[in-house]
Amino acid sequence: KPYPQDWTIYYAASRTEKLMFLRIIKDATDYLNIPWEYKGNGRPSAWIPEIIKSLCIKCYSRLSTWRIESELKIAKQLGIVDFVYKKTSFSKYINDPRLTYWLERLYQEIAYSLALVEDYILCDATGIASGYGVKRWIEVREEPRLHTDYKKLHILTGAKTNAIFAAVVTIGTKHESPFLKVLLDKAYLGNATKFCADSGYLSRFNVDYVASKGLIPFIMPKSNTRRLNRGSKGYWKCMIELWEYHNDFFRLNYFHRENVEATISSLKRRFGFY
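Here the structure is a predicted model, which means the values were calculated and not measured.

Colleague: Whenever I open this one, the overall build of the protein confuses me. Can you help?
Modeller: Per the secondary structure count, the protein includes eleven helices and five strands. The dimensions of the protein, computed from C-alpha atoms along their principal axes, are 65 × 45 × 40 Å. Across the 274 residues that make up the protein, the buried fraction comes to 40%. Relative to all contacts within the protein whose residues are 6 or more apart in sequence, the contacts with residues 24 or more apart total 61%. On the protein, roughly 16,400 Å² of surface is accessible, and the fraction owed to carbon and sulfur atoms is 55%.

Below, the structure written as structure tokens:
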């Protein structure tokens, strides 16, 4: 089925993309109301909300810490940031564990309202090279011995909006299946009723856990998969029988999983492969 582009809307979105990005980052970060933890002794620390906004602008602009200062000065003139920190501050705070917590809160708040329009929640993982010059993940994903040079990004996303509702970053050698529970616990699922994932997530525990969240699981079985429950609460057998006896219906729903591939592809095309 072809999906023709609405070029009028696409052009309008493209023209205003950067301005909307800056506005969303500022409004969402301010909404988090991150406290300033300065105790009044010694040199004041950098304000975490300003560091977060600056790092997001750095990532979006794809500039190094050496070159980001001019971009931040423009953002300051627009009222997006209040301070322009030096590159030494970025190098210091980018390893601060507090940033991990607040950055997760940030993307979850942005995605929160988008979850309300989703019917399908999708899951997948991809590798991201740790440095320039390393092969792309698609070239080495079948070679586990090379995965030590990669990080792995595990995400939950929506089929309509492609918004990321939950994310986990691990070392490249980790298998994706055990992290499905973590992702589902993190995400706000809104009104979604169905869940799609490839056979990498196939297990009785995952099927039961997806069902416990009020979602119908469409996790692609393998050719030798049997419908014996073996500790499952019955959801495993139901899903396998649906796949065996109503395969067209199963695949019609599973087809939506391709949208998570589109999300990953757009991320890498926009921000690079490493």
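Colleague: Help me understand the pattern of salt bridges in this model?
Modeller: Between side chains of opposite charge, pairing is possible as soon as their charged atoms come close. Evaluation of the coordinates by the stated rule reveals 20 salt bridges. A salt bridge links Glu69 to Lys86; the shortest N-O distance between them is 3.4 Å. Here the residue Glu69 occupies a position in helix α3 (residues 69-77), and Lys86 occupies one in the loop between α3 and α4 (87-93), the gap between them amounting to 17 residues.

Colleague: Please explain the sheet that holds strand β5 (residues 216-219) as it appears in this structure.
Modeller: Hydrogen bonds between backbone atoms are what pair the strands of a sheet, whose relative direction is either parallel or antiparallel. Pairing is mixed in the open sheet, where five strands are placed in the order β3-β2-β1-β4-β5. At either end of the open sheet lies a strand with only one pairing partner, and these are β3 (164-171) and β5. If you compare each strand with its neighbour and ignore which way they point, the axes differ by 20 degrees on average. Across four bridges, the pairing between strand β4 (residues 194-197) and β5 is parallel. Looking at β5, one finds that Cys196 is bridged to Phe218.

Calculation notes
- Residues numbered from 1 in each chain as written.
- Predicted model: local features only at pLDDT ≥ 70, side-chain atom pairs only at ≥ 80, totals over all residues.
- Heavy atoms only, no water.
- Helix = DSSP H or I, 4+ residues; strand = E, 2+ residues; numbered from the N terminus.
- Buried < 20%, exposed > 50% of the residue type's maximum accessible area, 1.4 Å probe, protein only.
- Contact = heavy atoms within 4.5 Å.
- Areas by Shrake-Rupley, 256 points an atom, 1.4 Å probe, with all protein chains shown as cover.
- Salt bridge = Lys/Arg side-chain N within 4 Å of Asp/Glu carboxyl O.
- Pairing = 2+ DSSP bridges.
- Axes fitted to C-alpha atoms, helices over the stretch in contact; angles between N-to-C directions.

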